[in-house]
Amino acid sequence: MTFNDNANLDTSQVESGGSGGGGGGISPGGIGVGGIGGLIIMILMVLFGGGLTGGSGGGTTDQSGGGGLTQDTSQIGAAGTGGDAVSQQIASCKTGADANRDDTCRVIGTVNSVQNFWNGALPKYGQSYTPAKTVLYSGSTPTACGTGSAQMGPFYCPLDKKVYIDASFFQELSSKYGADDGALAQEYVVAHEYGHHVQDIFGVLGRAQQDPQGAESASVRTELQADCYAGIWVKYASQTKDSEGNTLLKPVTEEDIKSALSAASAVGDDRIQQKSQGRVTPESWTHGSSAQRQKWFLTGYQTGDVNSCDTFNAQDLG
Ligand SMILES: [Zn+2]
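From a predicted model like this one, the values you see are computed outputs, not experimental measurements.

**Let's talk about the overall build of the protein chain**
A count of helical and extended segments in the protein chain gives 11 helices and six strands. When the accessible area of the protein chain is evaluated, it comes to approximately 12,300 Å², of which 49% is carbon and sulfur surface.

Take a look at the structure:
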């Protein structure tokens with residue numbers, strides 16, 4: 001989706017993570033997959049932050065596992081040179097025009113829009129929204145869920161209530177997936193991660209941990225619900241406003257929706273597994289099939305209603 005050029009971006013909703021000079025301490029066991037399959041699965045996680053549940057023994061949706069490490073995240077700052085670069089990048093993001101031309105600024109604009117939406121919407125469901133920051137980092141960064149690193153892709157950490165996005169990721173995304181899909185895919189990634197934050201507020205995020213894989217698993221239901229929540233945001237995105245009351249985004253187009261659907265399809269477990277292992281094994285699904293991810297995104301987009309995203313009680317996931 002396209003931002004309105006003169007909308008103002010609120011950079012206080014993001015922060016720069018500690019940059020990873022060292023390379024030590026990549027979350028042990030977090031990536032419990034090997035070989036080429038692992039690589040492709042990592043791409044999936046990168047896209048939709050997910051499922052590093054592999055060998056982590058109960059790590060859950062988008063890195064909510066871990067937990068042993070407690071860190072004072074207020075100390076996260078522009079520690080290394082990478083952090084400085086990210087800080088400068090963030091500081092350069094002022095307007096919607098910046099969000100239209102620059103990936104980092106687009107993340108910021110999307111965070112602004114998504115949070116503005118949920119802040120207004122959650123009271124209708126008896127909840128109040130608590131803001132969650134996005135940490136943009138380069139290389140690796142400390143989090144309350146363990147060390148976050150670029151190859152994990154975007155994730156949400158419920159222990160510190162923050163979304164983590166490696167700054168370099170979106171450059172790769174647009175170069176690999178093409179510019180057209182780039183903007184929407186990026187926005188969708190951010191909205192999906194904030195979907196997990198909303199699930200955290202509703203108190204359902206922990207369910208994924210108890211039942212981390214399989215076609216009907218709580219993990220899949222959690223991920224599809226986050227897709228559904230992303231769809232809800234897309235429906236109302238053009239109504240969201242900056243702090244001065246300017247609308248942030250132009251109305252969603254059919255092209256946008258097509259791009260979102262193609263992105264949702266590209267990261268379906270069946271698609272990934274077919275590519276990586278030549279066969280589909282639903283018993284190890286964590287995020288749902290291509291068709292399911294499209295279906296639940298569309299459900300959210302068409303209904304705009306949180307109650308329609310009840311994947312936990314859905315008889316038929318799609
Ligand atoms: Zn996810």
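There is more to say after this.
**Description of the nonpolar core**
Trp118, Leu136, Tyr194 and Trp233 are the most contacted members of the largest nonpolar core, which has 60 residues in total. Elements represented by at least two residues in this core include exactly α2 (81-91), α4 (103-121), β6 (162-166), α5 (169-177), α6 (179-202), α8 (218-236), α9 (254-266) and α11 (290-303). Among the elements that line this core, the one with the most residues is α6, at nine residues. Discounting chain neighbours no more than four positions away, the residues touching Trp118 are Pro123, Tyr129, Val198, Tyr229, Ile232 and Val306. Tyr137, Cys145, Met152 and Phe155 belong to the second-largest nonpolar core, a separate cluster that totals eight residues.

**Concerning the pairing of β6**
Counting buried residues in β6 gives five out of five residues, a clear majority hidden from the surface. Here β6 shows a buried face lined by Lys162, Tyr164 and Asp166 and a second buried face lined by Val163 and Ile165. Judged from the four bridges that link them, strand β2 (residues 134-137) and β6 form a sheet pairing that is parallel. Across the sheet, Val135 pairs through a bridge with Tyr164, a residue of β6. Pairing of strand β5 (residues 155-157) with β6, which is carried by three bridges, proceeds in the antiparallel orientation. When the sheet's bridge partners are listed, Phe155 is paired in β6 with Tyr164. As consecutive antiparallel partners, β5 and β6 are separated by four residues, and within that stretch Lys161 has a phi angle of approximately 60 degrees, a positive value.

**Looking at the confidence of the model for the protein chain**
Within the protein chain, residue pLDDT values average 80, and 76% of them lie at 70 or more. Across the protein chain, element-level confidence peaks in α4 with a mean pLDDT of 97 and bottoms out in helix α1 (residues 35-48) with 35. Segment residues 49-61 is flagged for pLDDT under 50; beyond a separation of four residues in sequence, or across chains, it makes 39 contacts in the model. Scored below 50 in pLDDT, residues 63-81 makes 48 contacts in the model with residues more than four places away or belonging to other chains.

**Some remarks on the packing of aromatic side chains**
Applying the stated criterion across every chain yields a total of six aromatic pairs. When the centroid spacing of 5.5 Å and the interplanar angle of 10 degrees are considered together, the rings of Phe117 and Tyr236 count as stacked. Of this pair, Phe117 sits in helix α4 while Tyr236 sits in helix α8, and the two are 119 residues apart along the sequence. Take Phe117: its relative accessible area is 11%, and that puts it in the buried class. Taken together, the ring pairs connect Phe117, Trp118, Tyr229 and Tyr236 into an aromatic cluster. A cation sits over an aromatic face here: Arg207 above Phe312, 4.5 Å from the ring centre.

**Focus: the state of the cysteines**
Simply put, disulfide is the name for a covalent bond between the sulfur atoms of two cysteines. Tallied over the full model, the rule gives three disulfides. Two residues share a disulfide in this structure: Cys93 and Cys105, whose sulfurs sit 2.1 Å from each other. When the S-S torsion is -80 degrees, as for the bridge of Cys93 with Cys105, the disulfide is left-handed. Of this pair, Cys93 sits in the loop between α2 and α3 (96-101) while Cys105 sits in helix α4, and the two are 12 residues apart along the sequence. Like Cys93, the residue Cys105 is buried in the burial classification. Disulfide pairing places Cys228 opposite Cys309 at an S-S distance of 2.0 Å.

**Observations concerning the sheet that holds strand β1 (residues 14-16)**
The four strands are arranged β1-β2-β6-β5 in an open sheet whose pairing can be described as mixed. The open sheet is flanked by β1 and β5, the only strands paired with a single partner. Pairs of neighbouring strands in the sheet enclose a mean axial angle of 30 degrees, with direction left out of account. Of the strand pairs in this sheet, β1 and β2 are connected by three bridges, and their pairing is parallel. Bridge pairing links Glu15 to Val135 in β2.

**Focus: the packing of α8 against α11**
Taken N-terminus to C-terminus, the directions of α8 and α11 make an angle of 40 degrees; their axes are 6 Å apart at the nearest point. One way to sum up the angle between α8 and α11 is to call them oblique. Note on packing geometry: the crossing formed by α8 with α11 is right-handed. Here α8 contributes Val220, Leu224, Asp227, Cys228, Ala230, Gly231, Ile232, Val234, Lys235 and Tyr236 to the contact with α11, which in turn contributes Gln292, Arg293, Trp296, Phe297, Thr299, Gly300, Tyr301, Gln302 and Thr303. Of the residues contributing to the contact of α8 with α11, the split by class is 10 nonpolar, six polar and three charged.

Rules used throughout
Residues numbered from 1 in each chain as written. Predicted model: local features only at pLDDT ≥ 70, side-chain atom pairs only at ≥ 80, totals over all residues. Heavy atoms only, no water. Helix = DSSP H or I, 4+ residues; strand = E, 2+ residues; numbered from the N terminus. Areas by Shrake-Rupley, 256 points an atom, 1.4 Å probe, with all protein chains shown as cover. Core = buried A, V, L, I, M, F, W, Y, C linked by side-chain atoms within 4.5 Å. Buried < 20%, exposed > 50% of the residue type's maximum accessible area, 1.4 Å probe, protein only. Contact = heavy atoms within 4.5 Å. Pairing = 2+ DSSP bridges. pLDDT = per-residue confidence, 0-100. Phe/Tyr/Trp six-rings, centres within 6.5 Å; stacked < 30°, edge-to-face > 60°. Lys NZ or Arg CZ within 6 Å of the ring centre and 35° of its normal. Disulfide = S-S within 2.5 Å. Axes fitted to C-alpha atoms, helices over the stretch in contact; angles between N-to-C directions. Parallel < 35°, antiparallel > 145°, perpendicular 65-115°, else oblique. Left-handed = near helix turned anticlockwise from the far one by under 90°. Nonpolar A, V, L, I, M, F, W, Y, C, P; charged D, E, K, R; others polar.

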